[in-house]
Amino acid sequence: MGKSAPQVFITFSAHLQRHVAIPDQSISAATIGEAINRACEAAPAMRHYVLDDQAHVRKHVAVFIDGVLLLPRDDMQRALQDGAKVHIIQALTGG
């Protein structure tokens, strides 16, 4: 029998939720790409705010996995550990 995917907790910042309401979620996902896609099933419009047309994290968004920024931002195959905490926030830009 195959190993089940890790259980991870994913949250979206209040800034992103001004555009699309989405609940904090505990989901099963082996990779960050899978986690984002599964989380966005609860609010499909959020996917457009988080991912570009190449399914990579948009430049105005930052994804943290257990407090560590996801870099490069197109590393959607990054493996997740059981119990990982994923935070998706609006990135600050400008100068």
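Being a predicted model, the structure only gives us computed values, none of them experimental. (Residues numbered from 1 in each chain as written. Predicted model: local features only at pLDDT ≥ 70, side-chain atom pairs only at ≥ 80, totals over all residues. Heavy atoms only, no water.)

A.B. asks: What is the right way to read the pattern of salt bridges from this model?
C.D. replies: Note that side chains of opposite charge can pair when their charged atoms are close. By the definition in use, this model includes two salt bridges. Arg38 is the salt-bridge partner of Glu34, the closest N and O atoms lying 3.1 Å from each other. With Glu34 and Arg38 both in helix α2 (residues 32-40) and four residues apart, the pair spans about one turn of that helix. Since its relative accessible area comes to 26%, Glu34 is described here as partly exposed. On the basis of relative accessibility, which here comes to 35%, the residue Arg38 falls in the partly exposed class. In this structure, the salt-bridge partner of Asp75 is Arg78, at a minimum N-O distance of 2.8 Å. Of the residues examined, Asp75 reaches a relative accessible area of 22% and is grouped as partly exposed. By relative accessible area, Arg78 is classed as partly exposed at 26%. (Salt bridge = Lys/Arg side-chain N within 4 Å of Asp/Glu carboxyl O. Helix = DSSP H or I, 4+ residues; strand = E, 2+ residues; numbered from the N terminus. Buried < 20%, exposed > 50% of the residue type's maximum accessible area, 1.4 Å probe, protein only.)

A.B. asks: So what exactly am I meant to see when it comes to empty space enclosed by the protein here?
C.D. replies: Unoccupied space between atoms shows up once a probe the size of one water molecule is rolled over them. Within this structure, the stated rule accounts for one cavity of 30 Å³ or more. A volume near 30 Å³ is recorded for the largest cavity. The element that contributes the greatest number of residues to the lining of the largest cavity is strand β3 (residues 61-65), accounting for three residues. Each residue belonging to the lining of the largest cavity can be placed in one class, and the counts come to six nonpolar, no polar and one charged. (1 Å grid on protein atoms, 1.4 Å probe; cavity = no way out; pocket = protein on both sides within 12 Å on 5 of 7 lines; lining within 4 Å. Points joined across faces, edges and corners; volume = space filled by probe spheres on them. Nonpolar A, V, L, I, M, F, W, Y, C, P; charged D, E, K, R; others polar.)

A.B. asks: How do you make sense of the sheet that holds strand β2 (residues 25-28) when you look at a structure like this?
C.D. replies: Backbone-to-backbone hydrogen bonds join strands into a sheet, with any given pair of strands oriented parallel or antiparallel. Spatial strand order, β2-β1-β5-β3-β4: five strands in an open sheet with mixed pairing. For this open sheet the edge positions go to β2 and β4 (68-69), each flanked by a neighbour on one side alone. Bridge analysis of β3 against β4 gives two bridges, and the strand direction is antiparallel. The residue of β4 that forms the bridge with Phe64 is Leu69. Contacts between α2 and the sheet are confined to β1 (7-12), β2, β3 and β5 (85-90), with β2 contributing the most and set at about 125° to the helix. (Pairing = 2+ DSSP bridges. Contact = heavy atoms within 4.5 Å. Axes fitted to C-alpha atoms, helices over the stretch in contact; angles between N-to-C directions.)

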